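Descriptive analysis of the structure
Below, each chain spelled out in residue letters.
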Amino acid sequence: NKIHPCQISNYGFSYYCTASAGRERTLIAVKPDGVQRRLVGQIIQRFEQRGFKLVGLKMLKAPEDLLSQHYHNLQKKSFYPYLLCYMTSGPVVVMVWEGFNVVQTSRMMVGSTNPAEAQPGTVRGDFSIHVSRNVVHASDSVAGAEREIQLWFNGRELIDWDCCDHNIVCE
Ligand code: ADP
């Protein structure tokens, strides 16, 4: 009988990368300013080197009806028309990343909404200065991520694959 790596752990059960926790997914989008500034590669690199798995990726000019569903909770905000204008100003690169705790960790990696408050080392803290041009989107909850992934991708566009280092980066 082979010993599964989980059985030789020194940590508590809550740290185990259970099948469902390890399959958590989030939506990350490089916004039009990030694409224009050729930051796509650097942003992808951060998620790869952190240990997450890319399961979906595409470039598109986002239609307004898709954006209005994506930002449905912001429609009453005064900046909403400007947000739509910005998000339709050029192509976006949308991605689905998978891995343990990926929603929360991605939000940390992306940094505060307002770049003036984003820590250095975060995407927004390193690459942006103004809240209306903050380079990247990351889902803010597991439920939100599920909703956004369904909105931007159809099932056939998401790839189930095994990453060979899965048991190295996650218990
Ligand atoms: P986040 O993108 O960090 O989840 P929100 O959902 O609150 O933040 O806002 C969505 C997007 O709307 C922001 O990323 C930003 O592009 C834009 N935005 C938010 N607040 C403002 C603001 N005060 N002025 C202009 N644009 C804003």
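Residues numbered from 1 in each chain as written. Predicted model: local features only at pLDDT ≥ 70, side-chain atom pairs only at ≥ 80, totals over all residues. Heavy atoms only, no water.

The chain is annotated in an unreviewed UniProt entry as Nucleoside diphosphate kinase of Albula goreensis. According to the UniProt record, the Sequence similarities (unreviewed entry) comment for the chain reads "Belongs to the NDK family." Reading the Cofactor (unreviewed entry) entry of the UniProt record for the chain gives the comment "Mg(2+)". (UniProt positions renumbered as here; feature names shortened; annotations may be inferred.)

**Let's talk about the pattern of salt bridges**
Per the stated rule, a full pass over the model turns up six salt bridges. Note that Arg23 is salt-bridged to Asp160, the shortest N-O span being 3.3 Å. Of this pair, Arg23 sits in the loop between helix H1 (19–22) and strand E1 (25–30) while Asp160 sits in the loop between helix H8 (142–152) and helix H9 (166–169), placing them 137 residues apart in sequence. Residue Arg23 is classed as partly exposed on the basis of its relative accessible area of 44%. Close ionic contact of Glu98 with Arg25 constitutes a salt bridge, the shortest N to O distance being 2.7 Å. In this pair, Glu98 is assigned in strand E3 (residues 92–98) and Arg25 in strand E1, connecting sequence segments 73 residues apart. Where salt bridges share partners, they join Arg23, Arg25, Lys53, Glu98 and Asp160 into one cluster. (Salt bridge = Lys/Arg side-chain N within 4 Å of Asp/Glu carboxyl O. Helix = DSSP H or I, 4+ residues; strand = E, 2+ residues; numbered from the N terminus. Buried < 20%, exposed > 50% of the residue type's maximum accessible area, 1.4 Å probe, protein only.)

**Topic: unusual backbone geometry**
Unlike most non-glycine residues, Asn101 shows phi in positive territory, near 60°. Inspection of the secondary structure assignment puts Asn101 in the loop between E3 and helix H6 (102–110). Asn101 sits in the partly exposed class, given a relative accessible area of 28%. For Val135, which is not glycine, the phi dihedral falls at a positive 75°. Relative to the helices and strands, Val135 is located in the loop between helix H7 (123–127) and strand E4 (136–138).

**A closer look at the sheet that holds E4**
Pairing is antiparallel in the open sheet, where four strands are placed in the order E2-E3-E1-E4. Two strands close off the open sheet at either side, each with one partner strand: strand E2 (53–60) and E4. Taking each pair of neighbouring strands and ignoring which way they run, the sheet shows an average axis angle of 15°. As defined by bridge partners, E1 adjoins E4 across three bridges and the pair is classed as antiparallel. By the bridge assignment for E4, Val30 is matched with Val136. (Pairing = 2+ DSSP bridges. Axes fitted to C-alpha atoms, helices over the stretch in contact; angles between N-to-C directions.)

**Some details on the pairing of E1**
Within E1, six of the six residues are buried, which leaves it mostly tucked inside the rest of the structure. The alternating pattern of E1 places Arg25, Leu27 and Ala29 on one face and Thr26, Ile28 and Val30 on the opposite face, and all of these are buried. By the bridge criterion, six bridges tie E1 to E3 in an arrangement that is antiparallel. Among the inter-strand pairings, Thr26 is bridged to a residue of E3, identified as Trp97.

**Here's the deal with the pairing of E3**
Where burial is concerned, most of E3 is hidden: seven out of the seven residues are buried. Burial of E3 is two-sided: the residues Val92, Val94, Val96 and Glu98 facing one way and the residues Val93, Met95 and Trp97 facing the other way are all buried. Pairing between E2 and E3: seven bridges, direction antiparallel. Along E3, the bridge assignment pairs Met59 with Val93.

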